[in-house]
Amino acid sequence: MLEMFRRQLAWSDWANRELLAALRRIERPPAPAVGRLAHVLAAEHLWLARLERRPQPMAVWPELALAEIAVLVEELPDLWRRYFERAGEAGLVTNVAYTNSKGESFSNRASDILLHLVAHGAYHRGQLAADLRAAGETPPYTDFIHWVRSAVPESGV
């Protein structure tokens, strides 16, 4: 299970980088698209902090410039690598207690949190692709199977 989540987060990292590069190529990237990518990355940081039982590092929907988003993109792979090294397989079945952004308390298995995180990123990247299309741009193809077929999956998280 650990290797599956490592691959999923490596794909997520690649997809986020593809979208960041696409946004950087546009003279005036659509604000909703920039906001969604900032949210995807902030959510990864947030859930990682919850998994590690640390305080929330930033707002769930931060207002970030592309340069700030790029910093988040660059730091996440190493943070996930270290998390997986510490957690191991046993860490994936432990329950993690946390408080959500509305102040509600929950406890979920780490593996369920990671599955949510991967699905959440894919959902918002789909919205981001629609934002780019609405602005007359062609979004990058960021589906998982495309990554498996064309990228270097072993080089990720």
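Structure first, text after, so check above.
Report follows, based on the coordinates. (Residues numbered from 1 in each chain as written. Predicted model: local features only at pLDDT ≥ 70, side-chain atom pairs only at ≥ 80, totals over all residues. Heavy atoms only, no water.)

Focus: the packing of helix 2 (residues 31-51) against helix 3 (residues 66-91)
Selection rule: Angles run from 0 to 180 degrees between N-to-C directions of axes, and those axes are lines fitted to C-alpha atoms, restricted for helices to the stretch in contact. In this description a helix means any DSSP run of H or I spanning at least four residues, a strand means any run of E spanning at least two, and both kinds are numbered starting from the N terminus. Any angle that is under 35 degrees is reported as roughly parallel, and any over 145 degrees as roughly antiparallel; angles of 65 to 115 degrees are reported as roughly perpendicular and all others as oblique. Left-handed describes a crossing whose near helix is turned anticlockwise from the far helix through less than a right angle; right-handed describes the clockwise counterpart. When checking whether two residues touch, look at their non-hydrogen atoms; a contact exists if any pair is within 4.5 Å. Any residue outside Ala, Val, Leu, Ile, Met, Phe, Trp, Tyr, Cys, Pro, Asp, Glu, Lys and Arg is labelled polar, Gly included; the first ten of those are nonpolar and the last four are charged.
As a packed pair, helix 2 and helix 3 sit with axes 10 Å apart at the nearest point and diverge in direction by 30°. For the element pair helix 2 / helix 3, the angle class is roughly parallel. Where helix 2 crosses over helix 3, the handedness of that crossing is left-handed. Residue-level inspection shows Val34, Leu37, Ala38, Leu41, Glu44, His45, Leu48 and Leu51 of helix 2 in contact with helix 3, the latter providing Leu66, Ile69, Leu72, Val73, Glu75, Leu76, Leu79, Trp80 and Tyr83. Among the residues making up the contact of helix 2 with helix 3, the classes are represented as 14 nonpolar, one polar and two charged.

Quick word on the environment of Trp47
Under the convention used in this document: Remark: exposure states derive from per-residue accessible area (1.4 Å probe, protein chains only) relative to the maximum for the residue type, with buried under 20%, exposed over 50%, and partly exposed in between.
Summarising the element assignment, Trp47 is placed in helix 2. The exposure class assigned to Trp47 is buried, which follows from its relative accessible area of 10%. Considering only alpha carbons, one finds Trp47 and His116, 69 residues apart in sequence, at a separation of 9.6 Å. Not counting chain neighbours up to four residues away, the residues in contact with Trp47 comprise Tyr98, Ile113, His116 and Leu117.

Brief notes about the pairing of strand 2 (residues 105-109)
Walk down a regular strand and you will see the side chains alternate between the two sheet faces. To be explicit about the condition: One bridge is not enough; two strands pair if DSSP finds at least two bridges between them.
Two elements, strand 1 (residues 95-99) and strand 2, share five bridges in a ladder whose sense is antiparallel. When the bridges of strand 2 are listed, Val96 appears paired with Asn108.

Notes on the side chain of His120
One can find His120 in helix 4 (residues 110-134). On the basis of relative accessible area, His120 is assigned to the buried category, the value being 15%. Sequence-distant contacts of His120, that is, excluding residues within four places in its chain, are made with His39 and Ala43.

Topic: the nonpolar core
Note the cut-off: The set of buried Ala, Val, Leu, Ile, Met, Phe, Trp, Tyr and Cys residues whose side-chain atoms join them within 4.5 Å is what this entry labels a nonpolar core.
Core analysis: the biggest nonpolar cluster contains 42 residues, and Leu51, Ile69, Trp80, Tyr83, Phe84 and Leu114 have the highest contact counts within it. Put simply, the parts of the chain that give this core at least two residues each are helix 1 (2-24), helix 2, helix 3, strand 1 and helix 4. No other element matches the 11 residues that helix 1 contributes to this core.

Regarding the packing of aromatic side chains
Let me state the cut-off plainly: In summary, the pairing rule links any two rings of Phe, Tyr or Trp, Trp by its six-membered ring, whose centres are within 6.5 Å, and it sorts them by plane angle into stacked for under 30 degrees, edge-to-face for over 60 and tilted for everything else. Two thresholds decide whether a charge sits over a ring: the Lys NZ or Arg CZ must be within 6 Å of the ring centre and within 35 degrees of the ring normal.
Under the defined criterion, the tally for this structure stands at seven aromatic pairs. Grouping aromatic residues by their ring pairs yields a cluster made of Trp11, Phe144 and Trp147. Sitting above the plane of the Trp11 ring, Arg125 keeps its charged end 5.0 Å from the centroid.

Points about the environment of Gly126
Mapped onto the elements, Gly126 comes out in helix 4. Sequence spacing of Gly126 and His39 is 87 residues, and the spatial spacing of their C-alpha atoms is 13 Å.

Re unusual backbone geometry
Within the chain, Arg53 stands out as a residue other than glycine whose phi angle is a positive 60°. Counting through the fold element by element, Arg53 comes out in the loop between helix 2 and helix 3.

Examining the pairing of strand 1
Along strand 1, the buried face is formed by Val96 and Tyr98; none of Asn95, Ala97 and Thr99, which line the opposite face, is buried. Between strand 1 and strand 2, which pair antiparallel in sequence order, lie five residues; one of them, Gly103, sits at a positive phi of approximately 85°.

Observations regarding helix 2
Side chains three or four residues apart in an α-helix point the same way, a direct result of the helix having 3.6 residues per turn. Let me state the cut-off plainly: Take the number of residues in a helix, subtract one, and multiply by 1.5 Å to get its expected span.
Counted at 1.5 Å a residue, the expected span for helix 2 with its 21 residues is 30 Å, and the 30 Å between its end C-alpha atoms agrees. Once helix 2 finishes, Arg53 follows within two positions and takes phi at roughly 60°, a positive value.

Focus: the pattern of salt bridges
Keep this limit in mind: A pairing counts as a salt bridge when a side-chain nitrogen of Lys or Arg comes within 4 Å of a carboxyl oxygen of Asp or Glu.
For the structure shown, the criterion picks out eight salt bridges. One salt bridge connects Glu74 with Arg17, and the closest N-O pair in it is separated by 2.7 Å. On the criterion of sequence distance, the pair formed by Glu74 in helix 3 and Arg17 in helix 1 is long-range, its members being 57 residues apart. For Asp78, the salt bridge identified is with Arg81, shortest N-O distance 2.3 Å. Of the two residues, Asp78 and Arg81 both sit in helix 3, three residues apart, roughly one turn of that helix. Take Asp78: its relative accessible area is 33%, and that puts it in the partly exposed class. Connected through shared salt-bridge partners, Asp78, Arg81, Arg82 and Glu85 make up one network.

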